Amino acid sequence: MATLPSTSAATTTAALRRAVQWPSLSRRLASVLLQDVRGRCSGLPLQQRSFASCAVRHQQLWASTWSADSLRCAGCHPSSLSGCRRASTSARGSAPPPDMLFEDLMGMSSVDFDGEEDEDDDDGAAPAKPGKRVVREKKPPPVSDEGLLNVDPSSLARDQLVWAIGRASTLKISDEKLWKGFGKAIADVGEAHLEPSEVCRIMQAFAYAPTEAPLDDRQLQRLLKAFAARAAQYNDERLARMIYGYSKLAAKRKLAVQRFLDFAASEVVERKAMAPWRKLWILRSAGHLPGVGQDFRALLVSQVMQRVGGLDTESWQAFIPMLVEHRLHERPGVVNALNKQYKFKIHCYKTPDLLLRSGLPMVLHDLMKTTTLALWLGRMHDLRLPLTAKMASILPLLPRKASAGREAGGDDDEDGSWEGAQAGLAKRAAENLEALKIAELCLRHERDATVVSSLPQRARHLLTLARKTPLEPQEEQQLLELPFVFGELGSLLRRLGVALHPTLCGPYLLELADPLGRLVVEWDANWLLYPPWRQKAHKDFVQRKHKHLRAEGWQVVCLPLADFRRLDASREARLAWLRRAVEAHGLGHLSLDDVQLPSLSP
């Protein structure tokens, strides 16, 4: 073991703090630093002593992962010893959440055909030692993509059969003969004889199979029964994936097995040690299903709240609206506990973009106290949150996988061209400015005037900068209102000759607006045009947008969407209805004189 020269414990602790930001630092040097600090904590100031204790507590975790994200104690402030307990608990079973859009169907098998590391095969096996990772032998795929259509599923071994089902789902193959062959081969093996990893992978493949692919509902029910019979052998990751697969099947194919939902819900609730972010993703995937009861959702949100400090940025963003929806924030002490945990997290953020996105839901739902608000804005000011492309050009690139509810992917495009890099910088700045403008409008129009006036100068300067900087949306930037919402309405208004144009008001893109008269036409319930799992969030957004627009002096004309959808599908009937709405709201002055309105007579 190497030794350090004679230095003070404070100096060694400072070096250890700097080491957190350097993932390339060797494990041996980290061990030396930790051993040196371990015996001399008593002579340190409180904050340094707490940080050193946190580092010693996480020595095993650091040696195994050694990445900047895990070294920062899962969002804990260095001066908090309670944060160490949270992180050490979550570190045993909580990695950052995987991408639930399409999990790797081949990474959980005992035989891995693509050479990926199998991190989830722990059915009764002893856990690997820290720093040791099991890498499966690389094997070529048993069937090429071109030959998959001609393969006989019954001739494949079990592991090859499971791989082929997942591959066919990935390639969106809908051949009826192939999928019926898959079903017969699974039945020949026997659903009850499948291993948990195989059941999980098959359910995921069925969930992502094309809608045209024929699936046997009775076979799906036998797979769910196979899961229920051996539920104790499914680890938390596989349990979450089973529920996610069922939720997707229920949404795509109207599958409804209430007994499975009830059983899976009880299994999730009983697993007290399950990572909070995993329970949150289960709630997000299955919470919108008709068979999921309000009591289950409220109980799961309550369990997540008990360990809320273990949530990452994306999970934190998703959790805050759920907390408000189930009115848990009205319980005594919940808001105080939430702000306490978030203060710990603020100090650990090094990327201002992620800090902005993590705190925005708390501002929008009025859960952020003034002291936390001042700390949040001040920290973003100190980290130089980029609001223009020029500001973004002098900051480090975004992390490759930033969990902020979007694909960060750095600031360049794939070809690394200069034009792509500039577009990436502009997009990053525009997304930050859009989010901060919404927060500024919320504070200015929905909070008491004394809240903003009592903030420190740095915080007020950042809000003023957001208000005065014009938003310049980029081509690939996804604004919060999707274009299809007003597509038909805009087409009919143009047919009537009503002159309305797209315009920007702060962070909001108004598709049908009169900028000079400060008037905008929208549906009264835009959120009904979105899928069920997006309606609650979009309803909050639309209502907030209308409130902000009226506070800024705009006239918001809301046309009844329900009445419009009840009309006959003929264009003439809809034009007649819209003509009456234009006259009723006094929008005749917006008609173009040189446009001849269509006749509605037969």
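From a predicted model like this one, the values you see are computed outputs, not experimental measurements.

Draft legend 1. Spotlight on the overall build of the protein chain. From N to C terminus, the protein chain includes 26 helices and four strands. Taking all 602 residues of the protein chain together, 49% fall into the buried category. Within the protein chain, contacts between residues at least 6 apart in sequence are counted, and of these 72% link residues at least 24 apart. Summing over all exposed atoms, the protein chain offers an accessible surface of approximately 29800 Å²; the carbon and sulfur share of this is 52%.

Draft legend 2. The arrangement of the nonpolar core in detail. Within the largest apolar cluster, 124 residues are counted, with the highest numbers of intra-cluster contacts made by Phe206, Phe319 and Trp376. Top element by residues in this core is helix H20 (residues 418–446). It accounts for nine residues. One finds Leu512, Val521, Leu561 and Val582 within the second-largest nonpolar core, a separate group that totals 24 residues.

Draft legend 3. Broad picture of the sheet that holds strand S4 (residues 555–559). The mixed open sheet is built from four strands, whose spatial order is S1-S2-S3-S4. Of all strands in the sheet, those bounded by a partner on one side alone are strand S1 (501–505) and S4. Adjacent strand axes in the sheet meet at a mean angle of 45°, parallel and antiparallel pairs treated alike.

Draft legend 4. Representation of the pattern of salt bridges. The tally for this structure, following the rule as stated, stands at 24 salt bridges. Note that Arg444 is salt-bridged to Glu440, the shortest N-O span being 2.6 Å. Of the two residues, Arg444 and Glu440 both sit in helix H20, four residues apart, roughly one turn of that helix. Arg467 is paired through a salt bridge with Glu440; the nearest N and O atoms lie 3.2 Å apart. In this pair, Arg467 is assigned in helix H22 (residues 457–468) and Glu440 in helix H20, connecting sequence segments 27 residues apart. Residue classification places Glu440 among the buried residues on the basis of a relative accessible area of 5%. Look at the salt bridges and you will find they share partners, linking Glu440, Arg444, Arg467 and Glu552 into a network.

Draft legend 5. Main features of the environment of Arg494. Along the polypeptide, Arg494 turns up in helix H23 (residues 487–495). Classification of Arg494 by relative accessible area gives exposed; the value is 58%. Sequence-wise, Arg494 and Ser591 are 97 residues apart; in three dimensions their C-alpha atoms are separated by 9.3 Å.

Draft legend 6. Examining the packing of aromatic side chains more closely. Tallying each qualifying case throughout the model produces 12 aromatic pairs. Relative to Phe182, the ring of Trp179 has its centre 5.4 Å away and its plane inclined at 85°; by these criteria the two rings are edge-to-face. Placement of the pair is Trp179 and Phe182 together in helix H8 (residues 176–189), with a separation of three residues, close to one helical turn. For Trp179, a relative accessible area of 2% corresponds to the buried category. Here the aromatic residues Phe227, Tyr234, Tyr246, Phe260 and Phe263 are joined through ring pairs into a cluster of three or more. The side chain of Arg574 reaches across the aromatic face of Phe564, ending 4.6 Å from its centre.

Draft legend 7. Spotlight on unusual backbone geometry. Residue Asp366 is not a glycine yet carries a positive backbone phi of 55°. Within the element layout of this structure, Asp366 appears in the loop between helix H17 (352–364) and helix H18 (370–382). One non-glycine residue with positive phi stands out, namely Arg384, at about 60°. Positionally, Arg384 belongs in the loop between H18 and helix H19 (389–393).

Draft legend 8. Representation of the packing of helix H7 (residues 158–170) against helix H9 (residues 196–208) within the structure. Here H7 crosses H9 at 20°, and the two axes come no closer than 8 Å. Taken together, H7 and H9 sit at an angle that is classed as roughly parallel. Helix-helix and strand crossings are classified by hand; for H7 and H9 the assignment is left-handed. Here Arg158, Val162, Trp163, Ile165, Gly166 and Ser169 of H7 come into contact with H9, specifically with Glu198, Arg201, Ile202, Ala205, Phe206 and Tyr208. Partitioned by chemical class, the residues of the contact of H7 with H9 number seven nonpolar, two polar and three charged.

Draft legend 9. Summary view of the side chain of Glu522. In this fold, Glu522 is placed in strand S3 (residues 519–523). What Glu522 contacts, discounting residues up to four positions off in sequence, is Phe486, Leu510, Lys545, His546, Val557, Cys558 and Leu559.

Draft legend 10. Main features of the environment of Ala562. When you line up the elements, Ala562 lands in helix H25 (residues 561–565). Of the residues examined, Ala562 reaches a relative accessible area of 42% and is grouped as partly exposed. Along the backbone, Ala562 and Trp523 are 39 residues apart, and their C-alpha atoms lie at a distance of 9.3 Å.

Draft legend 11. Broad picture of H9. For H9, which comprises 13 residues, the first-to-last C-alpha distance of 19 Å matches the rise-based estimate of 18 Å (1.5 Å per residue) to within 8%. Within H9, 13 of the 13 residues are buried, which leaves the element mostly enclosed by the surrounding structure.

Draft legend 12. Broad picture of helix H10 (residues 217–229). With 13 residues, H10 should cover 18 Å at 1.5 Å per step; its first-to-last C-alpha distance of 19 Å lies within 8% of that length. Those residues of H10 that sit buried are Gln219, Leu220, Leu223, Leu224, Ala226 and Phe227. Along H10, the residues classed as buried sweep out an arc of 155° about the axis, all on the same side. Exposed and facing more than 90 degrees away from the buried side of H10 are Arg218, Lys225 and Ala229. In this fold, the buried residues of H10 make contact with H8, H9, helix H11 (236–253) and helix H12 (258–270). Its side-chain oxygen 3.0 Å from the backbone nitrogen of Arg218, Asp216 forms the N-cap of H10.

Draft legend 13. Quick peek at the pairing of S4. Inspection of the sheet shows S3 paired to S4 by five bridges, in the parallel sense. Considered in S4, the bridge of Leu519 is made with Gln555. Regarding topology, helix H24 (residues 532–551) serves as the crossover connection from S3 to the parallel S4, and that connection is right-handed.

Criteria and thresholds
Residues take numbers from 1 onward in each chain, read along the sequence in its written order. Two thresholds apply to this predicted model, a pLDDT of at least 70 for residue-level local features and 80 or more for giving and counting side-chain atom pairs, whereas whole-chain, interface and lining totals are computed over all residues. For the side-chain quantities, the full set of heavy atoms in the structure was used; hydrogens and water were omitted. Note on conventions: DSSP H or I runs of at least 4 residues are helices, E runs of at least 2 residues are strands, and numbering of each starts at the N terminus. Burial classes follow relative accessibility: with a 1.4 Å probe on protein chains only, a residue under 20% of its type's maximum area counts as buried, one over 50% as exposed, and anything between as partly exposed. For this analysis, residues touch if any pair of their heavy atoms sits within 4.5 Å. Where accessible areas are quoted, they stem from the Shrake-Rupley method and a 1.4 Å probe; at the residue level, only the protein chains shown are allowed to cover. Among buried residues, those of type Ala, Val, Leu, Ile, Met, Phe, Trp, Tyr and Cys that are joined through side-chain atoms within 4.5 Å constitute a nonpolar core. Here the rule is simple: two strands pair whenever DSSP picks up at least two bridges between them. Axis lines are fitted to C-alpha atoms, over the contacting stretch for helices. Their N-to-C directions set the angle, which ranges from 0 to 180 degrees. The salt bridge definition used is simple: a Lys or Arg side-chain nitrogen within 4 Å of an Asp or Glu carboxyl oxygen. For Phe, Tyr and Trp, where Trp contributes only its six-membered ring, two rings pair if their centres lie within 6.5 Å, and the inter-plane angle classes them as stacked under 30 degrees, edge-to-face over 60, or tilted in between. For a ring to carry a charge above it, either NZ of a lysine or CZ of an arginine must fall within 6 Å of the ring centroid while also lying within 35 degrees of the normal to the ring plane. For this classification, under 35 degrees means roughly parallel, over 145 means roughly antiparallel, 65 to 115 means roughly perpendicular, and everything else is oblique. The handedness criterion is simple: a crossing whose near helix is rotated anticlockwise from the far helix by less than a right angle is left-handed, and one whose near helix is rotated clockwise is right-handed. Gly is put with the polar residues, along with every residue not named as nonpolar or charged; the nonpolar set is Ala, Val, Leu, Ile, Met, Phe, Trp, Tyr, Cys and Pro, and the charged set is Asp, Glu, Lys and Arg. Multiplying 1.5 Å by the residue count of a helix minus one yields the expected span of that helix. The directions considered for the arc are those from the helix axis to the C-beta atoms. Side-chain atoms alone can form a polar contact between residues adjacent in sequence; in general such a contact is a pair of N or O atoms within 3.5 Å, and within protein one must be able to donate a hydrogen while the other accepts it. We call a crossover right-handed when, viewed with both strands directed away from the observer, the connection leading from the first strand over the helix to the second proceeds clockwise.

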